[in-house]
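# Notes for the structure review
Below, each chain spelled out in residue letters.
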Amino acid sequence: MQNQVTVQPYTCNVCEKSFLQKGDLVNHMRIHAGEKPYNCEICDKGFNNNSNYKRHRRVHTKEKPYSCEICGENFGYNSTLVNHMAIHSGEKPFQCMTCDKLFSRSYCLKEHIKIHTGEVTRRHENDKKRKKSTDREKPLKCQVCKKGFFYMSELKSHLRVHTGERPYQCDICNKGFSRKSDLTNHLKTHTGEKPYSCDICERNFGERSTLSRHRRIHTGEKPFQCVVCGKGFVSSDSLTGHLRVHTGEKPFSCEICGQNFADRSTLKRHGLRHTGERPFHCEICGNNFSRKSTLNTHLRTHNSAPL
């Protein structure tokens, strides 16, 4: 018996995407129009459809309607529940290209890759010093990955890697964080506080780690090296993003069309297609562009114009 093809009779006259129901087409058309009729009464953020609005409200209400049938733990989003279920099922879809080890979550794979790259964070260095100063074994074990800890606070913070929980929330933009220190650093993006200054070019930064990465621009240092192709990078984040070229991983998903991307910046550029936003402005002729590279190319037309 041949598979029956589902006809999608409603087609967008802008991008030609087709839909099964007329209501889905109506919601989709708001993307092109920039229309966001559903407004959050708490923070006034707008949404182009009711389902996205309802999902957003859980940020404020703390509602967790998705429950794990095995352990009873509740989650605010279905995607978080799906990630959590991998703990019980034992499914490990993320594979290390270097040693073939499997992991249940992309974050765990990223942490594992640091073993191959030789990256050692300050926290790891402190753990080494602590381990060297005592012979006793770390008594608290994670039941998921068996990692050991000295203190319950460390174990609780670590468990959020597996559950996806982000209890520390920014009151300004509602972004969530798994650790309080990450929220503290994030808040500086809103306050504009930049207490760390580069002694070479005097540029200021909100975080010490950002200053350290910046100084490598002056020194030319690239301490993070890809074990697959040998390319060097100034930061671990850049290396992590580069490794996705080899793994094929695309963890950043567009909430509007579902397309996946390897890095957040590409997702952000893609989002401009839906919103129609053109944030890069030519100060000479007033034209706007969706990408900075397009603006730079455009500016050359002014530079090369005859006097």
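Residues numbered from 1 in each chain as written. Predicted model: local features only at pLDDT ≥ 70, side-chain atom pairs only at ≥ 80, totals over all residues. Heavy atoms only, no water.

The criterion, for reference: UniProt positions are given in the numbering used here, feature names are shortened, and annotations may be inferred rather than shown by experiment.
The name given to the protein in an unreviewed UniProt entry is Gastrula zinc finger protein XlCGF7.1-like, with the source organism recorded as Octopus sinensis. Recorded in UniProt under Sequence similarities (unreviewed entry), the annotation for the protein is "Belongs to the krueppel C2H2-type zinc-finger protein family." For the record of the protein, the UniProt heading Subcellular location (unreviewed entry) holds the text "Nucleus".

## Comments concerning the pattern of salt bridges
The following threshold applies: The term salt bridge refers to a side-chain nitrogen of Lys or Arg lying within 4 Å of a carboxyl oxygen of Asp or Glu. Numbered from the N terminus, helices here are DSSP runs of H or I no shorter than four residues, and strands are runs of E no shorter than two. With a 1.4 Å probe rolled over the protein chains alone, any residue whose accessible area is under 20% of its type maximum counts as buried; one over 50% counts as exposed, and the rest are partly exposed.
Using the criterion set out here, one finds 2 salt bridges in the structure. Among the ionic pairs, Glu41 bridges to Arg57, the shortest N-O distance being 3.0 Å. One end of the pair, Glu41, is in the loop between strand E3 (38-39) and strand E4 (46-47); the other, Arg57, is in helix H2 (residues 50-61), with 16 residues separating them in the sequence. What makes Glu41 exposed here is its relative accessible area of 53%. The partly exposed category is assigned to Arg57, whose relative accessible area is 26%. Notably, a salt bridge pairs Asp199 with Arg215, separated by 3.3 Å at the nearest N-O pair. Within this pair, whereas Asp199 is found in the loop between strand E13 (196-197) and strand E14 (204-205), its partner Arg215 is found in helix H8 (residues 208-219), the two being separated by 16 residues in sequence. A relative accessible area of 30% means that Arg215 is categorised as partly exposed.

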